[in-house]
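Chain by chain, the residues:
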Amino acid sequence: MCPRPSSDGHSRPGHPGARVVVVGAGHAGVQVADTLRARGHTGPITIVGDEPVLPYQRPPLSKEHLTPADAAPVLPLRAERYFAEHRIDLRTGVTATALHREARTVELSDGGAVPYDALVLATGAVSRAFGVPGADLAGVHALRTLADADALRAALPGARSVLVVGAGFIGLEFAAAARRHAVRVTVLEAGERPLARAVSPETAAHLAAAHREAGTELRCGETVARFVGEHGRVHGALGTTGAEYPADLVLVGIGVEPRAELAARAGLDVADGIVVDERLRTRDPSVYAVGDCANHPNSHAGGRVRLESVQNAAGQARHVASVILGAERAYAELPWFWSHQGELTLQIAGLRLPGDDSVVLGDPATGRFSVCCLRQGRLVAVESVNRPADHMAARRLLAAGRVLSPGDLRDPAFSLKRLARALVPAP
Amino acid sequence: MPKVVFHHSGDAGTVVDADPGSNVMRAAVQNGVAGIVGECGGQAMCATCHVYVREPYLGALPPVSEDEEEMLDCTAAPRDDRRSRLGCQLTLGGDLEEVEVDVPEAQL
């Protein structure tokens with residue numbers, strides 16, 4: 001039932017009958033296909049995903065999916081029949097093994113090949129490997145995929161001592177979920193504070209205190225030197241300070257590496273991800289990259305950045321779909337992010353960079369506050385802890401480009417929400 | 001088994017069966033109901049599962065949390081002060097064995 005490609009077999013992007021291939025079946029990959037169809041694209045769309053399951057929602061994997069009460073299966077991104085109904089050829093359990101840019105085909109692990117007029121790389125990222133002795137013992141886990149989460153979900157009820165390596169978002173979300181299984185939880189962080197690259201010192205200090213108060217032993221300035229085990233299974237770790245930690249379940253959460261090998265082997269530029277321009281296009285005008293794997297110029301960061309978030313995946317996916325359909329706009333969506341950690345909800349609007357100044361709204365001692373991050377005297381990001389009103393207001397104000405100075409923020413009567421309400425019209 | 005009826009543009013409705021403990025957003029996504037996105041996976045963070053609950057069911061709904069309250073201020077389709085809810089916050093079963101909702105024209 002698919003319309004045929006144009007007679008020369010090479011419809012240009014911008015043509016609604018162009019053949020689009022998407023490599024990667026995560027949030028970004030599925031959203032590209034969805035937006036193309038929603039905006040009237042009639043050409044063939046193929047999604048190639050290497051996991052052997054229907055594309056699924058990733059955020060819950062490190063959160064409620066791991067808590068004792070949660071029995072629900074992980075939620076798919078779309079129902080199975082959605083793909084057929086929208087004439088999206090979803091190929092799961094298949095890896096894209098090579099990209100032939102001259103011939104405009106993607107070679108697949110099942111021996112097949114798919115031709116494209118526009119190719120979107122939405123390959124995502126993989127958990128960074130931890131190269132210390134013993135990291136291959138059973139009981140040492142990563143957390144990125146549904147298979148990872150299911151393995152942890154099966155292991156948690158029988159665990160006694162959980163050791164988390166790395167106090168990033170994954171490590172801290174996992175620590176909070178693991179605590180609900182009544183196990184002892186220790187988190188080691190090599191840096192001097194948790195989330196050092198991601199949040200302000202004020203927010204980091206609050207999160208660290210909250211995790212400690214909830215019973216997690218959080219030790220900064222230390223990581224694992226080696227894991228120890230017997231019969232192939234971990235039973236502890238030796239820290240870099242010489243301390244010993246018993247552990248029958250370990251989560252390594254030391255960040256991710258973008259999956260850029262396919263692009264690199266095809267001669268595309270790769271530097272902390274697949275390098276794209278402001279329209280999310282690589283050096284090859286038929287090849288795009290979006291989501292966790294895309295190193296892109298971002299006006300909110302004041303330079304190139306690679307972002308790992310649902311917002312970025314979905315936002316860039318929608319944008320690239322419009323570019324494929326002929327739009328020539330730069331991607332400029334405001335980044336936002338959230339993390340649930342036990343009783344804490346952290347929400348971030350905008351992008352904070354190391355060195356940005358902070359102005360705190362509210363009293364952190366109450367457990368509800370926001371940190372306004374300023375760069376050169378202008379508000380660029382707001383981190384909110386259990387203050388959802390500030391977060392939503394900040395999203396609207398920052399997206400609207402409203403300029404706010406430290407003086408504005410320090411006014412005792414200042415309210416992000418009141419200011420956002422004064423924006424007309426509301427988005 | 002809990003039941004959700006989704007109406008689009010005032011049509012006769014699509015009936016979907018759901019597991020107890022599931023919610024209106026999950027029921028929609030799992031069954032491919034158009035117009036409900038659920039981009040954040042049901043965490044009350046994205047407002048893309050906005051629905052208008054029909055009058056007879058308003059009394060059986062769980063209270064609106066602070067997170068949901070703020071998200072409802074930022075929905076793509078206009079908020080209805082009485083009927084607007086996030087589908088991911090409407091847990092099915094118990095008092096809410098059955099519910100009928102109207103799906104808004106836009107979620108983004």
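Residues numbered from 1 in each chain as written. Chains lettered and ligands numbered in written order. Predicted model: local features only at pLDDT ≥ 70, side-chain atom pairs only at ≥ 80, totals over all residues. Heavy atoms only, no water.

Colleague: So, the side chain of D284(A): which residues are in play, and what are the values?
Modeller: Residues and elements named next belong to chain A. Inspection of the secondary structure assignment puts D284 in the loop between β18 (274–275) and β19 (287–289). By relative accessible area, D284 is classed as buried at 10%. The contact partners of D284, leaving out residues within four places of it in the chain, are R101 and L268. (Helix = DSSP H or I, 4+ residues; strand = E, 2+ residues; numbered from the N terminus. Buried < 20%, exposed > 50% of the residue type's maximum accessible area, 1.4 Å probe, protein only. Contact = heavy atoms within 4.5 Å.)

Colleague: I'd love a proper account of the domain arrangement of chain A, names of residues and values included.
Modeller: All names here are of chain A. Domain assignment breaks chain A into domain 1 (20–126 + 257–324), domain 2 (140–254) and domain 3 (343–421). Between domain 2 and domain 3, the C-alpha centre-to-centre distance is 29 Å. Across the contact, 10 residues belong to domain 2 and 12 residues belong to domain 3. Broken down residue by residue, the surface that domain 2 buries against domain 3 is led by E202, T203 and H206, which jointly contribute 46%. Applying the counting rule to domain 2 against domain 3 returns 0 salt bridges. Connecting domain 2 to domain 3 are 3 residue pairs in polar contact (both at pLDDT 80 or more). Here the residues of the side of domain 2 that touches domain 3 sort into 6 nonpolar, 3 polar and 1 charged. (Domains from an automatic or database assignment. Buried area = accessible area lost by both parts, 1.4 Å probe. Salt bridge = Lys/Arg side-chain N within 4 Å of Asp/Glu carboxyl O. Polar contact = N/O pair within 3.5 Å; in protein donor to acceptor, adjacent residues only side chain to side chain. Nonpolar A, V, L, I, M, F, W, Y, C, P; charged D, E, K, R; others polar.)

Colleague: Talk me through the sheet that holds strand β13 (residues 224–230) of chain A; I want residue IDs and the actual numbers.
Modeller: Residues and elements named next belong to chain A. The strand order across the open sheet formed by 3 strands is β13-β14-β15, and the pairing between neighbours is antiparallel. Bordering the open sheet on either side are β13 and β15 (244–246), each of which pairs with just one other strand. If you compare each strand with its neighbour and ignore which way they point, the axes differ by 30° on average. Pairing of β13 with strand β14 (residues 233–239) involves 6 bridges; the strand directions are antiparallel. Counterpart to G229 in the pairing with β14 is V234. (Pairing = 2+ DSSP bridges. Axes fitted to C-alpha atoms, helices over the stretch in contact; angles between N-to-C directions.)

Colleague: Quick rundown of the confidence of the model for chain A? Include the residues and the values.
Modeller: In the predicted model, chain A carries a mean pLDDT of 94, and 96% of its residues have values of at least 70. Within the model, the stretch residues 1–10 of chain A combines pLDDT values under 50 with 15 contacts to residues more than four positions away or in other chains. (pLDDT = per-residue confidence, 0-100.)

Colleague: Outline the packing of aromatic side chains, listing residues and values.
Modeller: Residue and element names in this part refer to chain A. With the rule as written, the count across this model stands at 4 aromatic pairs over all chains. The positively charged end of R78 is found above the aromatic ring belonging to Y82, 5.5 Å away from the centroid. One residue, R395, lies across the ring of W336, its end atom 3.7 Å from the ring centre. (Phe/Tyr/Trp six-rings, centres within 6.5 Å; stacked < 30°, edge-to-face > 60°. Lys NZ or Arg CZ within 6 Å of the ring centre and 35° of its normal.)

Colleague: Which residues make up the UniProt feature "domain: Reductase C-terminal" (unreviewed entry) in chain A, and what values go with them?
Modeller: As annotated by UniProt and renumbered to match this structure, "domain: Reductase C-terminal" (unreviewed entry) occupies residues 336–420 of chain A. When the span residues 336–420 of chain A is considered, its composition is 26% helix and 39% strand, and the gap between its end C-alpha atoms is 16 Å. (UniProt positions renumbered as here; feature names shortened; annotations may be inferred.)

Colleague: Any chance you could break down the packing of helix α1 (residues 27–38) of chain A against helix α7 (residues 310–324) of chain A for me, citing the residues and the numbers?
Modeller: All names here are of chain A. Following both chains from N to C, one finds α1 and α7 inclined at 35°, their axes separated by 8 Å at the closest point. Where α1 crosses over α7, the handedness of that crossing is right-handed. Contacts from H27, A28, Q31, V32, T35 and L36 in α1 reach V310, A313, A314, A317, R318, V320, A321 and I324 in α7. Considering only residue class, the contact of α1 with α7 consists of 10 nonpolar, 3 polar and 1 charged. (Left-handed = near helix turned anticlockwise from the far one by under 90°.)

Colleague: Describe the interface of chain B and chain A, and please don't skip the residues or the numbers.
Modeller: Contact residues are listed per partner, giving 21 residues for chain B and 33 residues for chain A. Summing both partners gives a buried area of about 2,200 Å² for chain B against chain A, and 51% of it is carried by carbon and sulfur. The three residues of chain B that bury the most area against chain A are E39(B), Q43(B) and M45(B), which together make up 29% of that side's buried surface. Its salt-bridge partner being D73(B), residue R421(A) comes within 3.1 Å of it at the nearest N-O pair. Between the two partners, chain B and chain A, sit 11 residue pairs in polar contact (both at pLDDT 80 or more). Class assignment for the residues of the side of chain B that touches chain A results in 8 nonpolar, 7 polar and 6 charged.

Colleague: Outline the nonpolar core, listing residues and values.
Modeller: Residue and element names in this part refer to chain A. Grouped together as the largest cluster of nonpolar side chains are 50 residues, with contacts concentrated most on V106, L119 and L121. Top element by residues in this core is α7. It accounts for 6 residues. Those residues within four positions of V106 in sequence are excluded, and the remaining contacts are V21, V23, A96, A98, L99, G112, A113, V114, Y116 and L119. Membership of the second largest hydrophobic core comes to 40 residues, among which are V74, F174, L249 and V371. (Core = buried A, V, L, I, M, F, W, Y, C linked by side-chain atoms within 4.5 Å.)

Colleague: Please set out the pairing of strand β3 (residues 50–53) of chain B residue by residue, giving values where relevant.
Modeller: Residue and element names in this part refer to chain B. Judged by which residues are buried, β3 turns out to be covered on both faces: H50 and Y52 on one side and V51 and V53 on the other are all buried. With 3 bridges joining them, β3 and strand β4 (residues 84–86) adopt antiparallel strand pairing. Bridged to Y52 within β4 is S84.

Colleague: A description of the pattern of salt bridges should follow, citing residues and the corresponding values.
Modeller: This structure, assessed with the given rule, holds 33 salt bridges over all chains. A salt bridge links K417(A) to D73(B); the nearest nitrogen and oxygen atoms lie 3.8 Å apart. Here D73(B) lies in the loop between α2 (66–72) and β4 and K417(A) lies in helix α10 (residues 416–421), a pairing that spans two chains. Here E68(B) ties to R85(B) by a salt bridge, and the two come within 2.7 Å at their closest N and O atoms. Of this pair, E68(B) sits in helix α2 while R85(B) is found in strand β4, placing the two residues 17 residues apart along the sequence. For R85(B), a relative accessible area of 4% puts it in the buried group. One continuous salt-bridge network, built from bridges that share partners, spans K417(A), R421(A), E69(B), E70(B), D73(B) and R79(B).

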